[in-house]
Amino acid sequence: MRFPLFGFFLTFIIVSAYADSCILSPEEEQYLLSHPEIHFVSQTSYPPFEFLDDDGERQGMCIELVRWMSTEFGFQAIFTDMTFQEAQEAILNGDADVLTSFFYSQSRDSLFDFTETMYEIPARIYIQSGTTDIEVLADLTEKKVAVQGGDYAIDFLHTEGIDCTLIYADNFTDALYLLLNGEVDALVGDEQIIEYHLSSHYLKEDVVAVGDTLYVGLNCMSVAEGENLLCSIIDKGIEHAKEIGILEGIKTKWQGNPIRISEESGFRYMIHMLIILGLFIIAALLILFWNLRLRHLVEQRTISLKESENRLDQALDQAYLGSWDCDIQTGEAVNNDRYSLMLGYSPGEMDFSYAGWLKLVHPDDRDMLESRIDEFLAKNTERFECEFRMKTKNGEWRSIHSCGGTVERDRDGKPVRIAGIHQDITRRKLSESLLRKAVDDWRNTFDALPELIAVLDSEGTVIRVNRAQALALNMTREECIGKKLYTLILSDNYTKAPCIQDILLKETGLPLLREMRLDKLDGDFEVSMAVSKDIEDGSVRIMHVARNITARKSAEKTQKEMEKRVQHAQKLESLGVLAGGIAHDFNNILMSIRGYTDLAISSIEEEEPAFEYLEEINRSVRIASELSGQMLAYSGRGNFVVETVYLNDIIENMKPMFQVSVSRKADLHYHLDKNLPSVKVDSTQMEQVILNLVTNASEAIGSSQGTITVSTGVERTQPPDSTDLEEEGLLFACIQVDDTGDGMSDDVIHKLFEPFFTTKFTGRGLGMAVVHGIVEGHGGFIEVRSKTGIGSSIKVFIPAAEGIKTKEAPEENDESSVFRETAAGILLVDDENNILFIGKLALEKAGYTVFTAENGEKAIDVYKENKD
C-alpha cells in the first residue's frame, strides 16, 4: 500500500501546483509582472490581526496571509504601519496599494473596492464599571463616545441616528484610556480587540460590555476604487487560502482552536481500542485520556497566558508605557523593560526596590509623592495617580505620570500588592509650558498694543477688551464685558453697527477696514474687523481694532495746505522769472521809443502840431515804464516794499512750509538768537531768500539721511567790498543754513550766483541768482563755505535797522563837471542797436565824443585804442 499512497500524494502536489499557476488570468499575471512590489498599509496596534511585536516586526493574522499570498503569486509585499485613519488616506492618495484590514460598508464601497471577507468581528458598547445610565444603543444620545479614527463605528452611529459627540483616537488602546480616564462616557469598538486589551491590562473589573452586539464587521482587504485587477488578485488569494485551509490554519494559530472529537471519530477509536485491548482496559484508557486532556488544557492555558503576557508587553511597548508591580509588605517591585529604557537604563540595570526607586525621584517632588502614596494606602482607595520627576541615567529630569491601583488585598481588606503604569509626559509638559507661555505672551501683547482692541460675538457684544480699550472708555474690563461695543463708542442713535453685519456677510475672509468718527471717544478712527470661527462649536468671534487717526488726518490736512502754498510759491517764482524777462525786453523797447521821441521833440518847435503828439507819446511811454517797474518789483528786480521786521518771526511763520519742502530723510533743526535786531526788508523777498536756501540744502542731501540747521544771529562786521577802515564795522542780522549734503567744489562756489547755472536738472539755476540779487538789493551780502563730501554753510548778512547808513544826496547843480568838460570821450556799450544809436545821438548832441560797442569784448578793444 505504500506505493499507491505515495503516488496519490505526488499526484496531489502536481495538481495543486498546476492549479496555483492557473488561478490568475493572463491579465492578472501581466499586472504582477509590471508591479513586482505591492505596498500594503496596516494598523500599528490592532492585535491579533496586525501589530508590531517587541522587535518592531509586523505580525498578525492579516500580515501572515499577505506574506503567504506573496509567496504563492510571486510578488514582493512592502508593509507600512500607521494609524487606521492615515491608512485609509494613504490608499485614497495613491501612496499605498492595499489596506490589509477594513470593514465593508456601502458608504465605503463608493471609495474603495473590497475583497472577499476574511474574518467576522463583532462590535459592542463598553462603559466603566458602575455606570448605570448606558445599557443599550439609544442611551448613547448626547453622550461623549470614543471611537477609533476612520472606524466603521462612526458610520454605524450616524446611520442609526445616534446624536452623540464622537471623540477620535488613533487606535483602540488610546480610545480605551479615554474611557478609563473619564474623558468619555462610552467606547464603541471591535469586541475581539477591546477584550484583548482588557485582559492584557487587567482591566476586566474596570470596563464592561453592555447591550447586545451592535453589528458584525466583515473584515476584508481593500484597494482604491477602480483597481479591479489588483482587487481580483487579492480576492483569488483569499479564496485559495480558504480552499486549502491556510486561512483556517492562521486563525487557529492566533486565536486557538478547542479540541473536538466527533462522535464518529470517538466511535472508531473505541472500536479500535476494544479490538486491540479489549473491554477490560476501557476504564484505564478513559482515565489516561482524561489525564492527557487535562495536561493538554493546562499547556494550552499556559500558552494562552504567555501569549497574553506577551501581548500585554507588546501593547505597553507600543504605547511607550512602563509597568510596575509592587509588594507593599516586602517593598520589592517588578517593572517591565520599557520602564528602564524610559530612564535610559538597560533592562536589569535599574534598582527597582522602593528605596532605590525613591532616590531617582526629584528632591522637590519626593515628599509630595510619599505623602500621596501614604494617603492612597491609608484611605484604602482603588486608584492612585500622581505626576513627578525622575532622574535619567545621564542626569536629565523626565516628567512621569503614574497611575495604578490595588490588585491584591489581605483578609482584612488591606492592600498588599499594587500595580500600574508609568508614562513619560516630558514632551506633553513641555508643550503645556510652551502653550502657557504663548498664551501669556499673547495676553501681554494684547494689553501692550496702543490700538483699541475688543473681541466681539456675532451680535457685537464685548467678550474681551485690551487695556487701551478699557482706558479709552474710562471703564474696567469687567464693566465692558457683556455690553454692545457700539453703544459704548457711538451716540445713542446707533442702535446697530452696520459694519458688523457687513463683515459677517463677507465670504472672502479678509478684514473689513473703515474710517469712522467715534464721537464718544472724540476722534477719527481707522476700524479694522476680522471674523474667526471656533473649530469645535462653530461660534463666531469678531476681532475689532480701532486706531486713532485724528492727529494723522490733521497732519494730512496741514500738509495739503502747505503743498498748496509751496506750489503757489513755485508758481510765483516762475511767473517772476517770466515777468522779469519780459520787463527787461520791454524796457529796452520803451527806451528806444522814448529816445526817438525825445530826439523828435528836440528837432521841432512847440508851436508845431506834432509837438503835442510827441508829448503824448512820451506820457504813454512813462505809463508803460511804470508798468514795467511793477513787473520788475514782482520779479524781485524792482523797488521793495520795505518794513521793519524780525528775521526770527519770518522763519517761525515758514516752519510748516519747510516741513513739506524738505526731504523726509532730512532732519530740520533751528537755533534762533532771541536778541536778534530788527531789519528793514521786504518780507516777501526775504521769505523767498530763506526758502531757496532751505530747498537747496534739502536737494543737496537728496535721498540720504541728513540734517539741515537754520540759525540766526547778530554780527558786527564790514561788507566785503567796503573801503571804510573803521574797526567797529556795521551791525548785521544773520541767517545761516547748514546742511550735511554732498557739498560743493570751489568751481561750483565760484559759479553759484551766476544766472541759469545749476548742478541739478535742466530748467533750474535762477534760485541762488535771485537770492543774491534780493540780498544785495537790501544792502546785504552772502558768505559761502563748503567742501565736497562734508556739506555746505550759507550765511546771509542783512543790515540791522539801527545800523543803516544813508548816502548824502549830491548837490544840485545846473550841470555836472562832466558836462563842463567839452569834447570828453565816452564809451557806450549795449547789445541793443537802437539803444546805441539813440544814446550816441543824445551824447553827441550834448557835445561829447562817443564811441560804441555792442558787446564787452569789442568794448575792451575800443578802449585800448582810445584809452586817452
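Bear in mind that the values here come from a model prediction, so they are computed numbers and not experimental data. (Residues numbered from 1 in each chain as written. Predicted model: local features only at pLDDT ≥ 70, side-chain atom pairs only at ≥ 80, totals over all residues. Heavy atoms only, no water.)

**Quick notes on helix α28 (residues 833–845)**
The end-to-end C-alpha distance of α28, which contains 13 residues, comes to 18 Å, matching closely the 18 Å that a straight helix rising 1.5 Å per residue would cover. Three or more residues of α28 are buried, namely Ile835, Leu836, Ile838 and Gly839. A positive backbone phi angle near 105° is found at Gly847, which sits one or two residues after α28. (Helix = DSSP H or I, 4+ residues; strand = E, 2+ residues; numbered from the N terminus. Expected span 1.5 Å × (residues − 1). Buried < 20%, exposed > 50% of the residue type's maximum accessible area, 1.4 Å probe, protein only.)

**Some points on the packing of helix α3 (residues 61–73) against helix α10 (residues 246–255)**
Where α3 contacts α10, the two axes come as close as 10 Å, and the packing angle between them is 145°. Where α3 crosses over α10, the two elements pack in a sense that is right-handed. Of the residues in α10, those touching α3 at Met61, Glu64, Leu65 and Trp68 are Ile246, Leu247, Ile250, Lys251, Lys253, Trp254 and Gln255. For the contact of α3 with α10, the per-class residue count stands at seven nonpolar, one polar and three charged. (Axes fitted to C-alpha atoms, helices over the stretch in contact; angles between N-to-C directions. Left-handed = near helix turned anticlockwise from the far one by under 90°. Contact = heavy atoms within 4.5 Å. Nonpolar A, V, L, I, M, F, W, Y, C, P; charged D, E, K, R; others polar.)

**What to know about the nonpolar core**
By size, the foremost hydrophobic cluster in this structure holds 77 residues, and its most contacted members are Phe40, Leu65, Ile125, Leu140 and Leu157. No other element matches the eight residues that α3 contributes to this core. If we skip the residues at most four places from it in the chain, Ile125 touches Ile134, Val136, Leu137, Leu140, Ala186, Leu187, Val188, Val208, Ala209, Val210 and Leu214. Met654, Leu752, Met768 and Val796 belong to the second largest nonpolar core, which has 40 residues in total. (Core = buried A, V, L, I, M, F, W, Y, C linked by side-chain atoms within 4.5 Å.)

**A few points about the sheet that holds strand β19 (residues 462–465)**
One open sheet holds the five strands; their spatial order is β19-β18-β22-β21-β20, and the pairing between them is antiparallel. Each edge of the open sheet carries a strand with a single partner, namely β19 and β20 (512–518). Going across the sheet, the axis of each strand differs from the next one's by a mean of 25°, ignoring polarity. Two elements, β20 and strand β21 (residues 523–533), share seven bridges in a ladder whose sense is antiparallel. Residue pairing across strands places Leu512 opposite Met529, the latter belonging to β21. Packing against the sheet, helix α16 (residues 426–448) makes contact with β18 (452–456) and β19, and its axis sits at approximately 85° to β19. (Pairing = 2+ DSSP bridges.)

**Describing the packing of aromatic side chains**
Considering all chains together, one arrives at 19 aromatic pairs under this definition. Each ring, one from Phe49 and one from Tyr119, has its centre 5.5 Å from the other, and the planes form 55°; the classification is tilted. Placement of Phe49 in the loop between β2 (45–46) and β3 (50–52) and of Tyr119 in strand β8 (residues 119–128) is noted, with a sequence separation of 70 residues between them. Tyr119 shares its class with Phe49; the two are buried. Aromatic pair Phe51 and Trp254: ring centres 5.9 Å apart, planes at 85°, arrangement edge-to-face. Highlighted residues: Phe51 in strand β3 and Trp254 in helix α10, separated in sequence by 203 residues. Residue classification places Phe51 among the buried positions, given a relative accessible area of 7%. (Phe/Tyr/Trp six-rings, centres within 6.5 Å; stacked < 30°, edge-to-face > 60°.)

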